[in-house]
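Analysis of the macromolecular model
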Amino acid sequence: MTRPDELRLEAAQRREELVETLDQLVAKTDLRARFARADHRPLVLAAAVGVAVVLAGVLLGRSRQGKGRR
């Protein structure tokens, strides 16, 4: 293989590596795609627990108010 052919082959390999790196960087900055791939179960669970705590507080508050009126 001649030197120009070797240089062309090396340049082609470098281009492929750069394209791959660029694709990885684009994937990291694509927030919509990252959000779509993310597992949202912990967030949903935390929200459900928060709602349950607020409801329990409201119900306990009403229960204590009712006892004071008697």
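Structure's up top.
What comes next is a walk through the structure. For every chain, the first residue of the written sequence is number 1, and numbering continues from 1 onward in sequence order. Predicted model: local features are reported for residues with pLDDT of at least 70 only, side-chain atom pairs are reported and counted for 80 or more only, and whole-chain, interface and lining totals are derived from all residues. Side-chain metrics in this entry use all non-hydrogen atoms of the structure; hydrogen atoms and water are not considered.

1. Considering the overall build of the protein chain
Numbering of helices and strands runs from the N terminus, with a helix taken as a DSSP run of H or I at least four residues long and a strand as a DSSP run of E at least two residues long. If you tally the helices and strands in the protein chain, you get 3 helices and 0 strands. Reading the secondary structure of the protein chain in the N-to-C direction produces α-α-α. Note on method: radius of gyration uses C-alpha positions; expected globular size equals 2.2 Å times residues raised to 0.38. Computed over the C-alpha atoms, the radius of gyration of the protein chain is 30 Å, more than 25% above the 11 Å expected from 2.2 N^0.38 for a compact globule of 70 residues. The C-alpha extent of the protein chain, read off along each of the three principal axes, is 100 × 15 × 10 Å. To sort residues, take the accessible area from a 1.4 Å probe on protein chains only and compare it with the maximum for the residue type: under 20% means buried, over 50% means exposed, and anything in between is partly exposed. For the protein chain, the residues scored as buried account for 0% of the 70 residues in total. Total accessible area computed for the protein chain in this model is approximately 6900 Å², and 62% of it derives from carbon and sulfur atoms. In this tally, Lys and Arg are treated as positive and Asp and Glu as negative; His is ignored, and so are the chain termini. To locate a charge, take NZ of a lysine, CZ of an arginine, CG of an aspartate or CD of a glutamate. Distance between charge centroids for the protein chain: 28 Å, based on 14 positive and 9 negative side chains. To measure how exposed things are, a 1.4 Å probe is used in the Shrake-Rupley method; for residues, cover is taken only from the protein chains shown.

2. Here's the deal with the pattern of salt bridges
A side chain with one charge can pair with a side chain of the opposite charge if their charged atoms come near. Salt bridge, as used here: a side-chain nitrogen of Lys or Arg that lies within 4 Å of a carboxyl oxygen of Asp or Glu. Counting across every chain of the model gives 4 salt bridges. Between Arg 3 and Glu 6 there is a salt bridge whose closest N-O contact spans 3.5 Å. You can see Arg 3 and its partner Glu 6 sitting in helix H1 (residues 3-29), 3 residues apart, about one turn around the helix. Among the residues examined, Glu 6 registers a relative accessible area of 33% and is labelled partly exposed. Put simply, Arg 41 and Asp 39 hold a salt bridge, and the shortest N to O gap is 2.9 Å. Relative accessible area serves as the criterion here: at 63%, Arg 41 is assigned to the exposed category.

3. What about a negative patch on the surface?
Residues form patches when they are more than 30% accessible in relative terms and have no salt bridge. Like charges link within 9 Å. Nonpolar side chains (Val, Leu, Ile, Met, Phe, Trp, Tyr) link within 5 Å. Side chains of Glu 16, Glu 17, Glu 20 and Asp 23 sit close together on the surface and give a patch of like negative charge. Positionally, Glu 16 belongs in helix H1. Glu 16 gets classed as exposed once you look at its relative accessible area, which sits at 58%.

All quantities given are derived from atomic positions and should not be read as evidence of function.
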